[in-house]
Amino acid sequence: AQKYIHRCVDSILAQTFTDFELILVDDGSPDNCGAICDEYAAKDSRVVVIHQQNGGLSAARNTGFAQAQGEYVYFLDSDDLPDPDALMALVRQAKALELDVAKARFVFFDDETGAQTPGPEIPATDVTPGGALFAAQCRAALYEPMVWQCVYRRAFLAENALTMAEGLLFEDELFQAPALLCAQRTAAYEMEILHYRQRAGSIMGSFARSSRWCESYLEVCRRLSALAQELDDGEAKRALKKRVGQIALSTAKNITAYRLPDQIAAQAREFVKEHKSELSGYALDSGDAVVAAQGLLLRVSVGAFIHAYQRA
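Residues numbered from 1 in each chain as written. Predicted model: local features only at pLDDT ≥ 70, side-chain atom pairs only at ≥ 80, totals over all residues. Heavy atoms only, no water.

1. With respect to the overall build of the protein chain
For clarity, the cut-off: By definition, any uninterrupted DSSP run of H or I lasting at least four residues is a helix, any uninterrupted run of E lasting at least two residues is a strand, and each is numbered from the N terminus. The quantity called the radius of gyration is restricted to C-alpha atoms. Its globule counterpart is 2.2 Å times the number of residues to the power 0.38. A 1.4 Å probe rolled over the protein chains alone gives each residue an accessible area, and that area as a share of the maximum for its type sets the label: buried under 20%, exposed over 50%, partly exposed in between. In this analysis, two residues are considered to be in contact whenever any of their non-hydrogen atoms come within 4.5 Å of each other. In short, Shrake-Rupley with a 1.4 Å probe defines the accessible areas, and a residue's cover is counted only from the protein chains shown. In this tally Asp and Glu are treated as negative and Lys and Arg as positive; neither His nor the chain ends contributes. Throughout, a charge is located at the NZ atom of Lys, the CZ atom of Arg, the CG atom of Asp or the CD atom of Glu.
Summing up its helical and strand segments, the protein chain has 13 helices and eight strands in all. For a compact globule of 312 residues, the expected C-alpha radius of gyration is about 20 Å, and the protein chain comes in at 20 Å, within 12% of that figure. With respect to the three principal axes, the spread of C-alpha positions in the protein chain is 60 × 45 × 35 Å. Classification of the 312 residues of the protein chain by burial places 50% in the buried group. Considering only contacts within the protein chain whose residues lie at least 6 apart along the sequence, 75% involve residues at least 24 apart. A total of about 14,900 Å² of accessible surface is found on the protein chain, and carbon and sulfur atoms cover 49% of it. Where the 31 positive side-chain charges of the protein chain centre and where its 42 negative ones centre are 6 Å apart.

Below is the structure:
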């Protein structure tokens, strides 16, 4: 990420708010990122650098969180562009209202063209339990799981042993939903705190290089389904079960949505066929008629399901 890291870090260090620490985790970067991080630390005492062997995004975030001392934490990817003024305004709101989690909006940012597209328009809320916020956003089809939409009270995460799932893609799904469901005090805000860079070499661009993402989708479904079973009956439980069903269906839908190379697409289709009973089961158990109907089609015929969404 050395092409992007200067702009990302500079935007944080140049803001007028100064009472923060910036922890840069060099996760075994093969480029010049480690040296760049050290240069920042030499010039600014607020910057802390940790060098470690490559462990992936979740491992890097966990390392940074273990080092953090601030009252609130924010997980920032090195190729994205934070709006430091909006981000710190969100932190001030979270602190004033003693929130466990404060959630805001983001903007899609195209790496090649610079074009910007607003992310989902989440409505602002008063202070509310996290389960209610999760259910409301799911009900309105506005829920997004990305952790960089949120600032988290550090003690709240530590008390609930909330860490990133290592060794998986889509780790945000396994962090934000459990965090919201644990949180007693949350709120959503309309401010845009991040420009989310869309680039071919990102982790999300790895769909075309390997079918490993299929395994991650299934594991996410398993863990979130287990979490749903622990919840009391209510809106949050119904919302989570529907979310699990949608993720399960996405395993097959993304085969066409991501325009995969033939070999990767074939591997993904074989994975879905092998696990179609489990994947469709999550959709059938979602409690949502549309999701369940799609799950039934997947169970009857993987080919027909993929064909239907290829045409769509």
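2. Focus on the side chain of serine 211
Filter applied, for reference: Polar contact criterion, stated in full: a pair of N or O atoms within 3.5 Å, where within protein one must be able to donate a hydrogen and the other to accept it, and residues adjacent in sequence count only if both atoms are side-chain atoms.
Within the secondary structure, serine 211 is located in the loop between strand 8 (186–198) and helix 8 (212–230). Polar side-chain contacts of serine 211 include one of 3.3 Å to the side chain of glutamine 267. Setting aside anything within four residues of it in sequence, one finds serine 211 in contact with Ile264, Gln267 and Ala268.

3. Remarks on the pairing of strand 5 (residues 101–110)
How we decide: DSSP calls a pair of strands paired once it identifies at least 2 bridges connecting them.
Burial of strand 5 is extensive: eight of the ten residues sit out of reach of the surface. Looking at chain direction, strand 5 and strand 7 (residues 150–153) are connected through three bridges and run antiparallel. Its bridge partner lying in strand 7, alanine 102 is registered against valine 151. As judged from the nine bridges shared by strand 5 and strand 8, these two strands associate in the parallel manner. By the bridge assignment, valine 101 is partnered in strand 8 with threonine 186. Sheet topology note: the strand 5/strand 6 (residues 116–118) ladder contains three bridges and is antiparallel. Across the sheet, valine 107 pairs through a bridge with proline 118, a residue of strand 6.

4. A look at the packing of helix 8 against helix 9 (residues 235–257)
The line we're drawing: Interaxial angle, 0 to 180 degrees, is taken between N-to-C directions of lines fitted to C-alpha atoms, where a helix line uses only the stretch in contact. Each angle receives one of four descriptions, namely roughly parallel if under 35 degrees, roughly antiparallel if over 145, roughly perpendicular if within 65 to 115, and oblique otherwise. Here the term charged refers only to Asp, Glu, Lys and Arg, the term nonpolar to Ala, Val, Leu, Ile, Met, Phe, Trp, Tyr, Cys and Pro, and the term polar to all other amino acids, Gly among them.
For the pair helix 8 and helix 9, interaxial distance at closest approach is 9 Å and the crossing angle is 170 degrees. Here helix 9 runs roughly antiparallel to helix 8, going by the angle between their axes. Contact residues: helix 8 offers Trp213, Cys214, Tyr217, Val220, Cys221, Leu224, Ser225, Leu227, Ala228 and Gln229, while helix 9 offers Lys237, Leu240, Lys241, Val244, Ile247, Ala248, Ser250, Thr251, Asn254 and Ile255. Along the lines of polarity and charge, the residues of the contact of helix 8 with helix 9 split into 13 nonpolar, five polar and two charged.

5. As for helix 4 (residues 84–96)
Just so we agree on the cut-off: To estimate the expected span of a helix, subtract one from its residue number and multiply by 1.5 Å.
For helix 4, with 13 residues, the first-to-last C-alpha span of 18 Å sits near the 18 Å given by 1.5 Å per residue. Taken as a whole, helix 4 has its buried residues at Pro84, Ala86, Leu87, Met88, Leu90 and Ala94. Close packing links the buried residues of helix 4 with helix 1 (2–13), strand 3 (72–73), strand 4 (81–82), strand 5, strand 7 and strand 8. Sitting at the amino-terminal end of helix 4 is aspartate 83, which places a side-chain oxygen 3.2 Å from the backbone nitrogen of aspartate 85.

6. What to know about the pattern of salt bridges
To be explicit about the condition: Any carboxyl oxygen of Asp or Glu within 4 Å of a side-chain nitrogen of Lys or Arg constitutes a salt bridge here.
Applying the stated criterion across every chain, the model contains 17 salt bridges. A salt bridge links glutamate 71 to lysine 95, with the shortest nitrogen-to-oxygen separation between them at 2.5 Å. Note that glutamate 71 is positioned in the loop between helix 3 (57–67) and strand 3 and lysine 95 in helix 4, a separation of 24 residues in sequence. Among the ionic contacts, a cluster of salt bridges with common partners joins Glu219, Arg222, Arg223 and Glu278.

7. Quick word on the environment of isoleucine 23
As for its placement among the helices and strands, isoleucine 23 is situated in strand 1 (residues 22–27). Along the chain, isoleucine 23 and glycine 64 lie 41 residues apart, while their C-alpha atoms are 6.2 Å from each other. Sequence-distant contacts of isoleucine 23, that is, excluding residues within four places in its chain, are made with Val48, Ile50, Gly64, Gln67 and Ala68.

8. Focus: a nonpolar patch on the surface
For clarity, the cut-off: A patch consists of residues exposed above 30% relative accessible area that lack any salt bridge, with like charges linked at up to 9 Å and nonpolar side chains (Val, Leu, Ile, Met, Phe, Trp, Tyr) linked at up to 5 Å.
On the surface, Leu284, Leu296 and Val300 cluster together to form a nonpolar patch covering roughly 270 Å² of accessible area. Relative to the elements of secondary structure, leucine 296 occurs in helix 12 (residues 289–300).

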